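Understanding the architecture of this molecule
So you can see what is in the structure, the chains are spelled out below.
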Amino acid sequence: MNQHRNGPVRSAAAREAVLAATTRLFHEQGYDKLTIEGIAREAGVGKQTIYRWWSSRGAVIADCLAEGRLFPVEFEVPDSGQLLPDIEHWLSTVLAVLDARNGGELVRSLVAAAAEDPAVGASLSERLGVERSLAARLERAVRDGQLPANAPIDQIGESILGAVILRALGRQNDSGEPLRRLVRFLFAPSARLRGDLEE
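Everything quoted here is computed from the prediction, not taken from an experiment.

1. Digging into the environment of Cys64
By secondary structure assignment, the location of Cys64 is in helix 4 (residues 57-66). Residue classification places Cys64 among the buried positions, given a relative accessible area of 0%. Separated by 38 residues in sequence, Cys64 and Phe26 have C-alpha atoms that sit 10.0 Å apart. In contact with Cys64, not counting residues within four places along its chain, are Leu19, Thr22, Thr23, Arg69 and Leu70.

2. Some details on a negative patch on the surface
Negative charge collects at one region of the surface, where Glu131, Glu139, Asp154 and Glu158 lie side by side. Those elements that provide at least two residues to the negative patch are helix 8 (130-143) and helix 9 (153-169). Relative to the assigned elements, Glu158 resides in helix 9.

3. Things to note about the pattern of salt bridges
A complete count under the given rule lists 15 salt bridges for this structure. Taken together, the shared-partner salt bridges connect Arg15, Glu16, Asp63, Glu67 and Arg69 into one network.

4. Topic: the packing of aromatic side chains
Counted under the stated rule, the structure contains two aromatic pairs. Geometrically, the ring pair formed by Trp53 and Trp54 is edge-to-face, given 5.7 Å between the ring centres and 65 degrees between the ring planes. A residue is classified by how much of its surface remains accessible, and Trp54, at 4% relative accessible area, is buried. Plain terms: the ring middles of Phe71 and Phe75 are 5.5 Å apart, the flat faces sit at 85 degrees to each other, and that makes the pair edge-to-face. Like Phe75, Phe71 is buried. Over the ring of Tyr31 we find Arg57; its NZ or CZ atom is 3.9 Å from the centre of that ring.

Conventions used here
- Residues numbered from 1 in each chain as written.
- Predicted model: local features only at pLDDT ≥ 70, side-chain atom pairs only at ≥ 80, totals over all residues.
- Heavy atoms only, no water.
- Helix = DSSP H or I, 4+ residues; strand = E, 2+ residues; numbered from the N terminus.
- Buried < 20%, exposed > 50% of the residue type's maximum accessible area, 1.4 Å probe, protein only.
- Contact = heavy atoms within 4.5 Å.
- Patch = residues over 30% accessible without salt bridge, like charges linked within 9 Å, V, L, I, M, F, W, Y side chains within 5 Å.
- Areas by Shrake-Rupley, 256 points an atom, 1.4 Å probe, with all protein chains shown as cover.
- Salt bridge = Lys/Arg side-chain N within 4 Å of Asp/Glu carboxyl O.
- Lys, Arg positive; Asp, Glu negative; His and termini not counted.
- Charge placed at Lys NZ, Arg CZ, Asp CG, Glu CD.
- Phe/Tyr/Trp six-rings, centres within 6.5 Å; stacked < 30°, edge-to-face > 60°.
- Lys NZ or Arg CZ within 6 Å of the ring centre and 35° of its normal.

See the structure below:
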């Protein structure tokens, strides 16, 4: 009876050890040097234990992302009733993480992982708040008349995410101003018409 009870406990402990080890190694080495063998050694488990739950290293990373282990903060879009300031607040949080020590390297490694496992790309979008928080805020903006009824919400979110990723891949040291200008262009049409976005 005790053995039966301990089985799930041991399994849960092993899973936690694998996810914790993957998180440490990913931050230390990046995706290119991450291996199932290295994860197993760091976690103190056998490779077969890892393959019992995950089919690849990318699948492990996707779970680490989904459980919030790789980013230090939650990327929530507030709802103050003013769309542009809300989106700018979210973007500032994203940029602060990217510009922190190893932040850009983290995103570049995640992009490399996403190239091998689509689940990583989906989890990256979710953890940055694009799939959930940003989309929900844009939907409310449509209901409130702040965006047109036919606004392509999914494509807007994907466009901003793509610009964020390209900035990380290009190792741009620009304080995020091009991204801020993109956000103002998308969400402040009156400012665009007045020419307020001119440098």
